[in-house]
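Read off the chains here:
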Amino acid sequence: MENSVFDKDFEKKSVFDFDEEVEKSVNLNAPKWIRGPLLAKGGFGSVFLAEMIETTHVLRGRARFHQPMVVKTTLFSKSELVNEKKILDLFVNCPFIIQCYGDDTTISILDCGNGIDKEVTLYNVFLEYASGGTLFDFIKDSPLYNESKQIKQFLQEILIGVKCIHEKGIVHCDLKLENILLVKEREEDNIFVAKICDFGLSKMSGDWMTPIQGTKAYWAPECVSENPIQEQYSDIWAIGVMVLYMLTKKLEWSEELSKHISEEAKDFLMRCFETNPLKRPSAKMLLGHPFKPQTPTPSSPSSNEISSLSRISSKLLATG
């Protein structure tokens, strides 16, 4: 196990002086691949472009494997990425969860400065490349109160992805716009698909020993109660927070906002923000909600429902 001093050096630098040489794997049967430029850095690893020089039968057997791809890397001494890979392997057939193409353990030299080099063991997971970036970045560049077909389509894809996750008995625990990637399915067109990523904090449903995790602004009321709990219904609240930001770029609900979003959107938010978690709809139920592409308009929510949204927004701000 690497010394903690070098753990900190790795996290601080997060990038080695890679010369785009073939990575030195500890497994003789591993694929031959080259590490490219750094794309992103997160709490559970750094993400680089990767190029396969020679794939193994394991990688060739993965559905829809194609170049380019990325590699998520962390120190081998850390377990989060190993756990994330195990979870991703459950979703090979779900089109709205980022696809995993395998893993590799490699040896590299970390330049710690002052003439000090350290040999480190790295754990690497190969993933789909999301050329469209994150949904958060997409929304930042989108107009306010955008209820376009594309926005609703992204929401449908997220709901299907969450449905897949929950059917496997998993709680994501960190659903947010930054953890939704936009992947181009075909190089010849410009159509992007929303895919859920980053399962580093995920857990099994019913695991009440793991502390509350994720991003506070997306926490449901039960996550900050006297006896905090984080379950699949907490993911549904987080979906509501995502939709609220997708439409308004705000976490605070106001009567002014109600003038700019549709009745379907308000009703969808009300259902996600049900304060009683046991009454919150599942992702499967939300897939049948009228707030989706090419659906008829439902009846308007009552004034009490809109007031309920105002109270809910205060809780959102309190948890943020």
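The name given to the protein in an unreviewed UniProt entry is Protein kinase domain-containing protein, with Cannabis sativa as the source organism.

Asks: Teacher, can you tell me more about the overall build of the protein here?
Replies: Secondary structure assignment for the protein yields ten helices and ten strands. Going through the 320 residues of the protein one by one, you find that 51% of them count as buried. A separation threshold of at least 6 residues defines the contact pool for the protein, and within that pool the share at least 24 residues apart is 67%. If you sum the accessible surface of the protein, you get close to 15400 Å²; carbon and sulfur atoms cover 52% of it.

Asks: How should the side chain of glutamate 222 be read in this particular structure?
Replies: Here glutamate 222 shows up in the loop between β10 (203–204) and α6 (232–248). In terms of polar contacts, glutamate 222 uses its side chain to reach the side chain of arginine 280, at 2.8 Å. When sequence neighbours within four positions are dropped, the list of residues in contact with glutamate 222 reads Asn227, Pro228, Ile229, Tyr233, Ser234, Pro277 and Arg280.

Asks: Hey, could you run me through the side chain of histidine 172 in this one?
Replies: Topologically, histidine 172 is positioned in the loop between β7 (170–171) and β8 (180–184). On the basis of relative accessibility, which here comes to 0%, the residue histidine 172 falls in the buried class. A polar side-chain atom of histidine 172 sits 3.0 Å from the main-chain carbonyl oxygen of cysteine 197. Residues within four places of histidine 172 in sequence aside, it is in contact with Ile165, Asn179, Ile196, Cys197, Asp198, Phe199, Leu201, Ser202 and Asp235.

Asks: Just checking my understanding: could you explain the packing of helix α5 (residues 149–167) against α6 for this structure?
Replies: For any two helices packed against each other, the geometry comes down to the angle between their axes and how far apart the axes lie. The contact between α5 and α6 brings their axes to 12 Å, and the two run at 170 degrees. What the angle tells us is that α5 and α6 run roughly antiparallel. Across from Ile151, Leu155, Ile158, Leu159, Val162 and His166 in α5, the residues of α6 making contact are Gln232, Asp235, Ile236, Ile239, Met242, Val243 and Met246. For the contact of α5 with α6, a count of residues per class yields ten nonpolar, two polar and one charged.

Asks: Please clarify how α6 should be interpreted in this entry.
Replies: Structurally, the α-helix is built with 3.6 residues per turn, so residues lying three or four positions apart point the same way. The terminal C-alpha atoms of α6 lie 25 Å apart, and with 17 residues this matches the ideal 24 Å at 1.5 Å per residue to within 8%. When you tally the buried positions in α6, you get 16 out of 17 residues, the bulk of the element. Lysine 249, located one to two residues past α6, shows a positive phi value of around 60 degrees.

Asks: What is the right way to read unusual backbone geometry from this model?
Replies: Backbone phi values are negative for most residues with the exception of glycine, while trans is the configuration of most peptide bonds. The phi dihedral of cysteine 173 is positive, around 75 degrees, even though this residue is not glycine. Turning to its location among the elements, cysteine 173 is positioned in the loop between β7 and β8.

Asks: Would you mind showing me how to read the nonpolar core here?
Replies: Nonpolar side chains tend to gather and get buried jointly when the protein is soluble and globular. Core analysis: the largest hydrophobic core is formed by 64 residues, its most contacted members being Phe91, Leu135, Ile239 and Phe268. Here this core gets eleven residues from one element, more than from any other, and that element is α6. Residue contributions to this core reach at least three from each of two domains, namely domain 1 (24–128) and domain 2 (133–288). The contact partners of phenylalanine 268, leaving out residues within four places of it in the chain, are Leu155, Leu159, Ile239, Val243, Leu286, His289 and Phe291. Core analysis: the second largest hydrophobic core is formed by eight residues, Ala50, Met52, Met69 and Val71 among them.

Parameters and conventions
- Residues numbered from 1 in each chain as written.
- Predicted model: local features only at pLDDT ≥ 70, side-chain atom pairs only at ≥ 80, totals over all residues.
- Heavy atoms only, no water.
- Helix = DSSP H or I, 4+ residues; strand = E, 2+ residues; numbered from the N terminus.
- Buried < 20%, exposed > 50% of the residue type's maximum accessible area, 1.4 Å probe, protein only.
- Contact = heavy atoms within 4.5 Å.
- Areas by Shrake-Rupley, 256 points an atom, 1.4 Å probe, with all protein chains shown as cover.
- Polar contact = N/O pair within 3.5 Å; in protein donor to acceptor, adjacent residues only side chain to side chain.
- Axes fitted to C-alpha atoms, helices over the stretch in contact; angles between N-to-C directions.
- Parallel < 35°, antiparallel > 145°, perpendicular 65-115°, else oblique.
- Nonpolar A, V, L, I, M, F, W, Y, C, P; charged D, E, K, R; others polar.
- Expected span 1.5 Å × (residues − 1).
- Core = buried A, V, L, I, M, F, W, Y, C linked by side-chain atoms within 4.5 Å.
- Domains from an automatic or database assignment.

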